[in-house]
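These are the residues of each chain, in order.
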Amino acid sequence: EFSVDKKPQHILDMFKTFHSQAQPTCSSSPPIILSPGSVYAVYTDGERKGWYRGWLLQPPSSGNYTFFCLDYGFSISVPLSNVRPLPPQFRGVAPQAAPCILTGLTR
């Protein structure tokens, strides 16, 4: 995983507010139907606790959905109860991370 965090200040402020919102509860949002390739608000309470803009990569495996976090460059797996429609103010913002490979570097 690799990303460079050079986001403009207004984007950083917007994501900081989004990222720090409270964990969802089962009653906080109606159920949604997920579509692969679409972007959602995704909450994880693991090592990287918080909300992220997540691009749905895979249908559920063992009850969890896999998302690529568009602004940080890592993938997470979460249950459907931690997925919400993306708030409108975050829909038009370009992804802030991109996968890349350094030439000449081997794994």
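Right, let's walk through the structure included here.

Thresholds, definitions, all that
Residue positions within a chain follow its written sequence, with the count starting from 1. A pLDDT threshold of at least 70 governs which residues receive local features in this predicted model, and a stricter bar of 80 or more applies before side-chain atom pairs are shown or counted, although totals over entire chains, interfaces and linings include all residues. For side-chain calculations, the full set of non-hydrogen atoms in the structure is used, while hydrogens and water are omitted. For the purposes of this entry, the term helix denotes a DSSP run of H or I that reaches at least four residues, the term strand denotes a run of E that reaches at least two, and both are numbered from the N terminus. Here the term buried applies to any residue with accessible area under 20% of the maximum for its type, exposed to any over 50%, and partly exposed to those in between, with areas from a 1.4 Å probe on protein chains only. In this tally, Asp and Glu contribute negative charge and Lys and Arg positive charge; neither His nor the terminal groups of the chain are included. Basic side-chain nitrogens of Lys or Arg form a salt bridge, by our definition, when they fall within 4 Å of a carboxyl oxygen of Asp or Glu. Think of a polar contact as two N or O atoms within 3.5 Å of one another; within protein, one of them needs to be a possible hydrogen donor and the other a possible acceptor, and neighboring residues in sequence only count if both atoms come from side chains. Centre distance within 6.5 Å is the pairing criterion for rings of Phe, Tyr and Trp, where only the six-membered ring of Trp is used; planes under 30 degrees apart are then read as stacked, over 60 as edge-to-face, and the remainder as tilted. Throughout this description, the term charge over a ring refers to an Arg CZ or Lys NZ atom that lies within 6 Å of the ring centre and within 35 degrees of the ring normal.

This brings us to the side chain of Arg-84. Relative to the helices and strands, Arg-84 resides in strand E5 (residues 83-85). Of the buried charged residues, Arg-84 lacks a salt bridge, with Asp-45 as the closest side chain of opposite charge at 12 Å. From its side chain, Arg-84 meets the backbone oxygen of Ser-81 in a polar contact 2.9 Å long.

For any pair of aromatic rings, geometry is given as the distance between the ring centres together with the angle between the planes. Under the defined criterion, the tally for this structure stands at five aromatic pairs. Judged by centre distance (6.2 Å) and plane angle (80°), the rings of Tyr-40 and Phe-67 are edge-to-face. Of the two residues, Tyr-40 sits in strand E1 (residues 39-44) while Phe-67 sits in strand E3 (residues 64-69), which places them 27 residues apart along the sequence. Phe-67 matches Tyr-40 in its accessibility class, with the two residues each being buried. Ring-pair connections join several aromatic residues into one group, and the members of that group are Tyr-52, Tyr-72 and Phe-74. Over the ring of Phe-74 we find Arg-48, and its NZ or CZ is 3.8 Å from the ring centre.

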